[in-house]
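# Working through the structure, step by step
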Amino acid sequence: MLDRLKAGGPAIARQGILVAFIVFMIAFTIMSDRFMTADNLMSVFRQSAIIGVMALGVTIVVIGGNLDLSVGSMLSFATVLVVDLHDKIGPELAIPVMFLATLCLGAVNGFLVGILRLNSLIVTLGMLSVIQGLVLIYSGGQNVDIVDQQGTWFALFGRGAIFGIATPIVMFGLMALVFHVIMTTMPFGRRVYAVGGNPTASVFSGIPRSRVVFTTYLISALCVGVAAVMLGSRVMGSQNNVGQGYELQVLAAVILGGTSLLGGAGSVLRTVLGVLMLAFIQNGLILMGQPYYTQWLVTWAVIIVAVWLDVAAKRGRLLSPIA
Amino acid sequence: MTPPDTVKESRPVQADAPVEQALPQGLEETLPRATADRIRPLLDNPVLRWLVRNPIWVFVLIVFVFFSLVSDHFFAARNFQNILVQTSTIGLIALGMTLVMVNGNIDLSVGATLALAAAFAVDVQSWAVFATWGNWQILPAVCLALLVGIGLGALNGFIVWKTGVDAFIVTLGAMLGIRGLVFVYTGEQSFYAMNFAYSDFSALSIGPLPALALIFLLCTLAVHLLLSRTVHGRNTYAVGGNREAAVNAGIRVGPHMMINFMIIGFFAALSGVLLSTQMGAATPNLGRDYELWVITAVVLGGTKLTGGKGDIIGTLGGVLAIGMLRNGMNLMNVPAFYVYVVLGSILIAVLFLDKRFNRTADGGLRL
């Protein structure tokens, strides 16, 4: 086992997520005849779009060497805001106002982590709490909803379709593609990798480290805004804690996609794979007649084994050398 | 964030640092020389010297005085009992979290562990096997619940030890997984304690102290002694300060970290048991987000995520600060919403001040 891991193993182990993904897909296809149907696949894609879009932004933050735990309550904030403003000032104004407010929150994160260089885990943990408080103050603890659910073009983002494909899927796919191009071919992408890989070296290479980190948080906030539009439009209402717990699910998807929490390594497209993997595990288990919470048990095992194989492949031995 | 092996430099072990009459380094550099000279003699006073070293207690004092002055009901023995009971839940877990974080690890799974232990404690006592045991039926239930906590902690620690995967990821997975176990075990039901002796326990008082508060204070003392007076405690700082050096010094780092995970598992379970005595019930969603509150309390208390620094006195201060803020704002009829904003802001402000006044601390997260 150890020799094999050293020789041909690493290549496969590094693709462990892909292998696991394929194994799961085959297993579910065999176990349930409803799994591999266009309808089911499309509904899984659509359900995963909201977490997926947020995961895209968090991936870029994590590649830059930081964490963002505030995306969950930021989603609550953005969704409550856009739904509430929809009836007050109309969707054409509500959406830009919501994006502006959410980007401001992202800018606060970016300022604290990027410019002041404070620890990102604690800053975003604090912001998680602050933003949750802001949502509750804004909504007064009430849930909000849109009165005229049929007559508004706002429905397009969550319920509509473009060229026969559900809008959330189109938006998720487009954003994944754009971010992939930015991260792999454009200077900004290379800078994020450089800052995450070795912050000190990146400064010596003339990269504006603070500005790059700041921008990654803006991107994360932008993604949350998009997710909020999709969620608000889908539900046509919002609870004020709708995003609670999303931050860790999103992070789980990012980790599953093989992005290192150390920063400097990872890929947007593999995050998509992580997101889809979690969504398919959930969907497949439910189709097999399992209660919804079994997905968490499977996710537990999958996350640890996936990251373990990744780490093991890098160090060339299966077990940790710690005594 | 750079890979751990390149940024870690050895930090002195905290246990018995020599008494120095100088201001904290950052303060010395920041303040004008004249001001610093004027302040320095104040440090001859042991109380003030102690407060400078434990800034969170300054904050605790300020909060205490503030609420005593502005709220009519805050300064009352009855209310202090309340605060201690309310903080005991998060406080107990924070004790374990301090050990784990001084080790340079983190545990995100405590909320789920708490829920599972609470479910076991409430459910097992009504098993038919123990039907004839009278009030003794509570004993095996609580023991089993605590064992479950220790076992889950051991599992986390073992995985961290053997796989070398970072504790953040391991316990993030466990957080989801153990919550799954809670739902599997409870079948999405809440359990209610049929034996009223169980829920009466939380109303017990020993002298002026409620039983729950007494348990919390005794555990605080025990963990404080463990961390400051024993070989295990010294090793905890050594492992967190510089893992390589700890290995070279002959500390078995893997089993050592596993023991600390078992301790936090035990405290999460104990906290779950005590919480369920307060409610006389266990719900599957118990303890959600507790990990975030606990980490907030521990970080407020001055423990570094990078490991190697922190102590129980600070953690107790952090826990009490959160408890008094929540309690005091409640008494002043401030809507609960504002507590979130205040706590989050304080967390960030503490981080900012710490960065400003402790330049030696790099403050980076080691993952």
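None of these values were measured; they are calculated from a predicted model.

## Overview of the overall build of chain A
- The helix and strand tally for chain A stands at 15 helices and four strands.
- Against the globule reference of 20 Å for 323 residues, chain A gives a C-alpha radius of gyration of 20 Å, in line with a compact fold.
- Structurally, chain A occupies a C-alpha span of about 65 × 55 × 35 Å along its principal axes.
- Sorting the 323 residues of chain A into buried and exposed places 54% on the buried side.
- Counting contacts in chain A only where the partners sit at least 6 residues apart, residues at least 24 apart contribute 79% of the total.

## Observations concerning the overall build of chain B
- Check the secondary structure of chain B and you find 17 helices and four strands.
- Per-residue burial for chain B yields a buried fraction of 51% across its 367 residues.
- Counting only contacts in chain B whose residues sit at least 6 apart along the sequence, the fraction spanning at least 24 positions is 79%.

## Topic: the nonpolar core
- Among the nonpolar cores identified, the biggest contains 222 residues, and Val 53, Met 54 and Ala 227 of chain A together with Ala 117, Ala 118 and Val 294 of chain B are the most heavily contacted of them.
- For this core, the element with the highest residue contribution is helix α14 (residues 253-279) of chain B, accounting for 15 residues.

## Some words on the interface of chain A and chain B
- Each partner contributes residues to the interface: chain A has 44 residues there, and chain B has 49 residues.
- Only α7 (120-139), α13 (246-256) and α15 (294-315) of chain A provide two or more residues apiece to the side of chain A that touches chain B.
- Looking at which element gives the most residues to the side of chain A that touches chain B, the answer is α7 of chain A, with 15 residues.
- Residues that form the side of chain A that touches chain B fall into these classes: 32 nonpolar, 12 polar and no charged.

## Notes on the packing of α7 of chain A against helix α15 (residues 290-300) of chain B
- Where α7 of chain A contacts α15 of chain B, the axes come no closer than 11 Å and their chain directions differ by 125 degrees. Classified by the angle their axes make, α7 of chain A and α15 of chain B are oblique. Relative to α15 of chain B, α7 of chain A is oriented so that their crossing is left-handed. Across the interface between the two elements, Ile 122, Leu 125 and Leu 128 of chain A from α7 of chain A touch Leu 292, Ile 295, Thr 296 and Val 299 of chain B from α15 of chain B.

## Thoughts on α14 of chain B
- An ideal rise of 1.5 Å per residue puts 39 Å on 27 residues; α14 of chain B measures up with 39 Å between its terminal C-alpha atoms.
- The buried fraction of α14 of chain B amounts to 23 of the 27 residues, a majority that puts the element mostly inside the structure.

## What about unusual backbone geometry?
- Positive phi is not limited to glycine here, since Phe 163 of chain A has a value of about 50 degrees.
- Looking at the element boundaries, Phe 163 of chain A is found in the loop between β2 (161-162) and β3 (165-166).
- Its identity is not glycine, yet Asn 333 of chain B carries a phi of approximately 65 degrees, on the positive side.
- Taking the C-beta count within 10 Å as the criterion, Asn 333 of chain B has 7 such neighbours and is therefore assigned exposed.

## A short note on the packing of helix α11 (residues 211-229) of chain B against helix α12 (residues 231-241) of chain B
Residues and elements named next belong to chain B.
- Contact pair α11 / α12: the axes reach a minimum separation of 5 Å and the direction vectors enclose 70 degrees. In this view, α11 runs roughly perpendicular relative to α12, as classed from their interaxial angle. In contact with Leu 226, Leu 227, Ser 228 and Arg 229 of α11, α12 contributes His 232, Gly 233 and Thr 236.

## Considerations on the environment of Lys 314 of chain A
Residues and elements named next belong to chain A.
- Along the chain, the position of Lys 314 falls in helix α15.
- Residue class for Lys 314 comes out partly exposed when judged on the 14 C-beta atoms lying within 10 Å of it.
- Remark: the alpha-carbon pair of Lys 314 and Tyr 292, spanning 22 residues in sequence, is separated by 34 Å.

## Topic: the confidence of the model for chain A
- With 95% of its residues at a pLDDT of at least 70, chain A reaches an overall mean of 88.
- In this model, residues 1-9 of chain A is a region of pLDDT below 50 whose contacts with residues beyond four sequence positions or in other chains number 11 contacts.

## Here's the deal with helix α10 (residues 187-197) of chain A
- Those residues of α10 of chain A lying buried are Arg 191, Val 192, Tyr 193, Ala 194, Val 195, Gly 196 and Gly 197 of chain A.
- Its buried side turned inward, α10 of chain A meets α4 (38-63), α9 (167-185), α11 (199-204) and α12 (209-235) of chain A.

## Looking at the confidence of the model for chain B
All names here are of chain B.
- Model confidence for chain B is summarised by a mean pLDDT of 85, while 89% of its residues fall at 70 or above.
- Here helix α1 (residues 4-7) stands out as the least confident element of chain B, with mean pLDDT 45; α14 is the most confident, with 95.
- A low-confidence stretch, residues 1-13 (pLDDT under 50), is modelled with 25 contacts involving residues beyond four sequence positions or located in other chains.
- Low pLDDT, under 50, characterises residues 359-367; the predicted model gives this stretch 27 contacts beyond four residues in sequence or across chains.
- Interface confidence in the predicted complex, given as ipTM, is 0.84; pTM for the same model is 0.86.

About the thresholds
- In this numbering scheme, every chain counts its residues from 1 along its sequence in written order.
- Naming scheme: in the order in which they are written, chains are lettered from A and ligands are numbered from 1.
- Totals for whole chains, interfaces and linings use every residue, but because this is a predicted model, local features are given only for residues with pLDDT of at least 70 and side-chain atom pairs only at 80 or more, for both listing and counting.
- To qualify as a helix, a DSSP run of H or I must reach at least 4 residues; to qualify as a strand, a run of E must reach at least 2; elements of each kind are numbered from the N terminus.
- Taken over C-alpha atoms, the radius of gyration is set against a globule rule of 2.2 Å times the number of residues to the power 0.38.
- Every C-beta atom is placed from the backbone, and the number of other C-beta atoms within 10 Å of a residue's own sets its class: buried at 20 or more, exposed at 12 or fewer, partly exposed in between.
- What counts as a contact here is a pair of residues whose C-beta atoms, placed from the backbone, lie within 7 Å.
- Connectivity within a nonpolar core runs through C-beta atoms within 7 Å, and the core itself is a set of buried Ala, Val, Leu, Ile, Met, Phe, Trp, Tyr and Cys residues.
- As a working rule, the residues Ala, Val, Leu, Ile, Met, Phe, Trp, Tyr, Cys and Pro are called nonpolar, Asp, Glu, Lys and Arg charged, and the rest polar, with Gly in that last group.
- To get an axis, fit a line to the C-alpha atoms, keeping to the stretch in contact for a helix; angles then go from 0 to 180 degrees between the N-to-C directions.
- Each angle is binned into one of four classes, with values under 35 degrees roughly parallel, values over 145 roughly antiparallel, values of 65 to 115 roughly perpendicular, and all other values oblique.
- We call a crossing left-handed when the near helix sits turned anticlockwise from the far one by less than a right angle, and right-handed when that turn is clockwise.
- For a helix, the expected span equals 1.5 Å multiplied by the residue count minus one.
- pLDDT is a per-residue confidence score from the predictor, ranging from 0 to 100.

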